[in-house]
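Residues per chain are reported as follows:
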Amino acid sequence: SFAGVLNAQGVIPSYSPLGQIVQTATFGVFANNESNPSAWEFNAASSTVEMATSAGCGDGIVQTELGEECDGNTRACTTAEGLAGTQGCYMGSGNPYYSDTQSSCTWLSACTALPTIQFLSSTGYGNESTTPVSITISLSSAHTAAITVAYSVIGGTAGNGGVDYTLGVGTASIPAGSTSANISLSIENDTDIEPDENIIIDLTSPVNARLGEKYRFTYTIKDDDSPSAYCSDSDGGRTYTRLGEVNWYNYDDGAYQQQSDVCRDKPNGVNKRSGAYLIEATCEGSQGVNPTGTGLSTIAYKCPYGCSNGACLPAGSKAIAPPLGIKTPELPVGLNFFAYAKNLRNGMTLSSGNVSGLDGAEIITGTPAGLAPQVQVFNNKGKAITQFFAYDSGLRNGVVTANCDLNGDGYNEIITAQNKGGWPLIKIFTNKGKLYNNGFQALDKKFKGGLNIACGDVYGDGSPEIIVAAQTGGGPSVYVYTPAGKLLATFSTFDKKTFRGGINVAVADFDSDGIDEIVTAPQVGPPTVVVVKIKRNGAVRYAPPFNVFDKNYNGGVGIATGDVNGDGLSELLVTVGPNEQPIVKVYSESFGYLNQFYAYPISFKGGVVLTVGDVDNNGVDEVIVAPRSAGGPQVRSISLLDSDYDGLTDTQEKMMGTDRLNADTDKDGSLDGDEVGLGHNPRKK
């Protein structure tokens, strides 16, 4: 109820003690035996108007404000109070209604103070590996009615929506008779080395309670990823006869260094392509880990027979060696066909796997953005055996593909996503182009920037997972799903706040433990590869990040994995984006440099799309390439089989006349591949 003063129209002004609209009344009859009948109160229980006259509140005393006492026991409830019952503040049932003969009345005070609601504490903190976090809301005392309060995030340095945490707008409820409730805050346990971040949460709009002073709560996420320094050396340390490259990364302060073995005319002299001294870059600690955290080191070594291109020359050397690498810019190709009309110049997407159950892997192509989402499957003769539209044929977003055996029947299923412009809908098909299941929406279900996908058993449980990342324009997060669309893990491999270059993804079991690692690289951006291992409690770095091209290159890195040299281990293959020579590099399972070649004539600068698959069914994967853009839809397979593991492919050995089954054809103590790298004839001592 309320106390009020009649206005000029005879209407009692309304008050809302608890945020509720209060009934008003209009009347025109005044008391005829009162000198100043202007103090009135509305009885909500009876919907009548009564005059406030008593011994303590006589004629001419007007109750003008909500909560102003008229006498010791007569007042309206304030906004901080409520009835100790269920009807709101009201007049006692024994009070007489107004009459022109009434001279006094007795008022009943039925107001009681509402409890305060607030956070138990104003601040809190915890490691990012501690999730979920329970945040307690408390009452000053139990109440006879249920209490609710709204909560929402109003700020902070941490990112919501699965970046650093997840918490939406919500309402907390405290049942009648209880004194507390909890808000559940989900923290993302990523592997990024980053400063501590915070989240600010406010309580608002309480019902049957009033806000206390601790209505705001700040939670600090403590980064608990162990600061470490890593060092990797492609030639294993003090190997003076081979060019090596050292990558050192300090996760603690973000420092990064890269250095290659170089030749100098003097120990502290000028770098030269040839000279007398080799400056060997090496890791201070054991291979792969730098326990001191002080970075890489260098050793000056005098080469007895001269130095050229970062390596000491063997005995009898005369000429300066050419740059390290394959002499022939383009290797002979195996399979060679056009997947689409020869005049197509938009590029395509590629994957490879055994989807038909026939001998050898098939090659699966997808259209680029701008074309209908057509998927084609080609056999090892370059003949299309299946084709279908993965999405509505009227769409022009193209299609991305991956494949793996999701149900253990020996046939790989085809997994698809759309390029830029399409919804993030993952679909799965049989080898005949029939839907395998209903698919699922990835990421936030709204992103339309395109997806990159891969498939592999990253938990080692025999059931492959689907790996998803955003294309250019999206953030650097990588998502791991079951084929049914259940999100199992998410992590970021680049700066979450600034990186928007898109992430290419691939999988491989580099350490042969039966569990695939996830390989990531920018679709557009620096030449940095990051490899991650999925654990039950989150993602961890499998190896330190390393650059696969010059550190100043910023055109993105295409990636693929497979056993391309026949050693039974997975290799990492990388390639470039547009405006660069069409080079493909091969790194070992421990990410040491092995080989390189040109996928197309050296003059072609349209970029390269890359995958691997055992197309010829010989037990060793071939490299499969297509133009990324600008070139025609020409698909090629190239064999890098190295039967004697000397650093030269069998194809190269045939071209050079060396023995493909003898790693040292001329028996001079040097591998054929090392001799070619130093510019010497591997057939002559």
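Here the structure is shown first, and the text comes after it.
Residues numbered from 1 in each chain as written. Predicted model: local features only at pLDDT ≥ 70, side-chain atom pairs only at ≥ 80, totals over all residues. Heavy atoms only, no water.

I'd like a rundown of the overall build of the protein, residues and numbers included.
Assigned secondary structure in the protein consists of two helices and 48 strands. Expressed as a percentage of the 685 residues in the protein, the buried residues total 52%. Of the contacts made within the protein by residues no fewer than 6 positions apart, 54% connect residues no fewer than 24 positions apart. Here the protein displays about 29,600 Å² of accessible surface, and carbon together with sulfur accounts for 49% of that area. (Helix = DSSP H or I, 4+ residues; strand = E, 2+ residues; numbered from the N terminus. Buried < 20%, exposed > 50% of the residue type's maximum accessible area, 1.4 Å probe, protein only. Contact = heavy atoms within 4.5 Å. Areas by Shrake-Rupley, 256 points an atom, 1.4 Å probe, with all protein chains shown as cover.)

So what's going on with the sheet that holds strand 25 (residues 349-353)? Which residues, and what values?
Taken in spatial order, the four strands of this open sheet run 25-26-27-28, and their pairing is antiparallel. Each having just a single partner strand, strand 25 and strand 28 (384-389) make up the two edges of the open sheet. Strand-to-strand twist across the sheet, computed as the mean angle between neighbouring axes with direction ignored, equals 20°. Bridge analysis of strand 25 against strand 26 (residues 362-366) gives five bridges, and the strand direction is antiparallel. (Pairing = 2+ DSSP bridges. Axes fitted to C-alpha atoms, helices over the stretch in contact; angles between N-to-C directions.)

Give a description of unusual backbone geometry that names residues and reports values.
The omega torsion of the bond from Thr-131 to Pro-132 falls at -5°, within 30 degrees of zero and hence cis. You can see Pro-132 is positioned in the loop between strand 7 (123-127) and strand 8 (133-139). Backbone geometry at Asn-208 places phi at a positive 65°, although glycine is not the residue there. Tracing the backbone through its elements, the reader meets Asn-208 in the loop between strand 13 (197-207) and strand 14 (210-211). Judged by its relative accessible area of 28%, Asn-208 falls in the partly exposed class. Its identity as a non-glycine residue notwithstanding, Ser-512 has a phi of 55°, on the positive side. For Ser-512, the position within the fold is in the loop between strand 37 (503-508) and strand 38 (517-522). On the accessibility criterion, Ser-512 (48% relative accessible area) is partly exposed.

Report on the pairing of strand 8, specifying residues and quantitative values.
Where burial is concerned, most of strand 8 is hidden: five out of the seven residues are buried. For strand 6 (residues 116-119) and strand 8, the ladder comprises three bridges, and the chain directions are antiparallel. Following the sheet pairing, Ile-117 is matched in strand 8 by Leu-139. Across six bridges, the pairing between strand 8 and strand 12 (residues 180-187) is antiparallel. Looking across to strand 12, one finds that Ser-138 is bridged to Ser-180.

Shape is all these values report; function is a separate question.
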